[in-house]
Amino acid sequence: MELVEETYQLDDLIKNLVNMIDARAAKKNLEFKIHVNENIPNELFGDCVRIRQIVTNFLTNAVKYTQVGNIDFSVDMEYKNDNEIL
């Protein structure tokens, strides 16, 4: 598998994920909660397509296997420096 790294906008990625998952959760009467650390820069560099695929898989499985209640989606970081965010 080859990674295709490029600059992407975090808010666009999150909006796309929310639009995809929110309707699925609503069909099962599940609340979809989103928490994003506001200190994370919006412009990031990485393989946005792979990140979207991985997170979509987690979220669709969360909806699939949750019968009642809510799904919490959190985006956070441990640290950042001039070149990297963990």
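Residues numbered from 1 in each chain as written. Predicted model: local features only at pLDDT ≥ 70, side-chain atom pairs only at ≥ 80, totals over all residues. Heavy atoms only, no water.

Undergrad: Summarise the overall build of the chain; cite the residues concerned and give the values.
TA: Tallying secondary structure elements over the chain gives 2 helices and 4 strands in all. N-terminal to C-terminal, the α/β element order of the chain is β-α-β-β-α-β. Relative to its 86 residues, the chain shows a buried fraction of 29%. Pairs at least 24 apart in sequence give 83% of the contacts found in the chain among residues at least 6 apart. About 6,300 Å² of surface is accessible on the chain, with carbon and sulfur atoms providing 48% of the total. (Helix = DSSP H or I, 4+ residues; strand = E, 2+ residues; numbered from the N terminus. Buried < 20%, exposed > 50% of the residue type's maximum accessible area, 1.4 Å probe, protein only. Contact = heavy atoms within 4.5 Å. Areas by Shrake-Rupley, 256 points an atom, 1.4 Å probe, with all protein chains shown as cover.)

Undergrad: Could you give me a rundown of the packing of helix H1 (residues 10–27) against helix H2 (residues 48–65), with the residues and numbers involved?
TA: As a packed pair, H1 and H2 sit with axes 10 Å apart at the nearest point and diverge in direction by 20°. On the basis of the axis angle, H1 is roughly parallel to H2. For H1 against H2, the interelement crossing comes out right-handed. Note on element contacts: H2 touches H1 through Cys48, Ile51, Arg52, Val55, Thr56, Leu59, Thr60 and Val63, opposite Leu13, Asn16, Leu17, Met20, Ile21, Arg24 and Ala25. Split into classes, the residues belonging to the contact of H1 with H2 amount to 10 nonpolar, 3 polar and 2 charged. (Axes fitted to C-alpha atoms, helices over the stretch in contact; angles between N-to-C directions. Parallel < 35°, antiparallel > 145°, perpendicular 65-115°, else oblique. Left-handed = near helix turned anticlockwise from the far one by under 90°. Nonpolar A, V, L, I, M, F, W, Y, C, P; charged D, E, K, R; others polar.)

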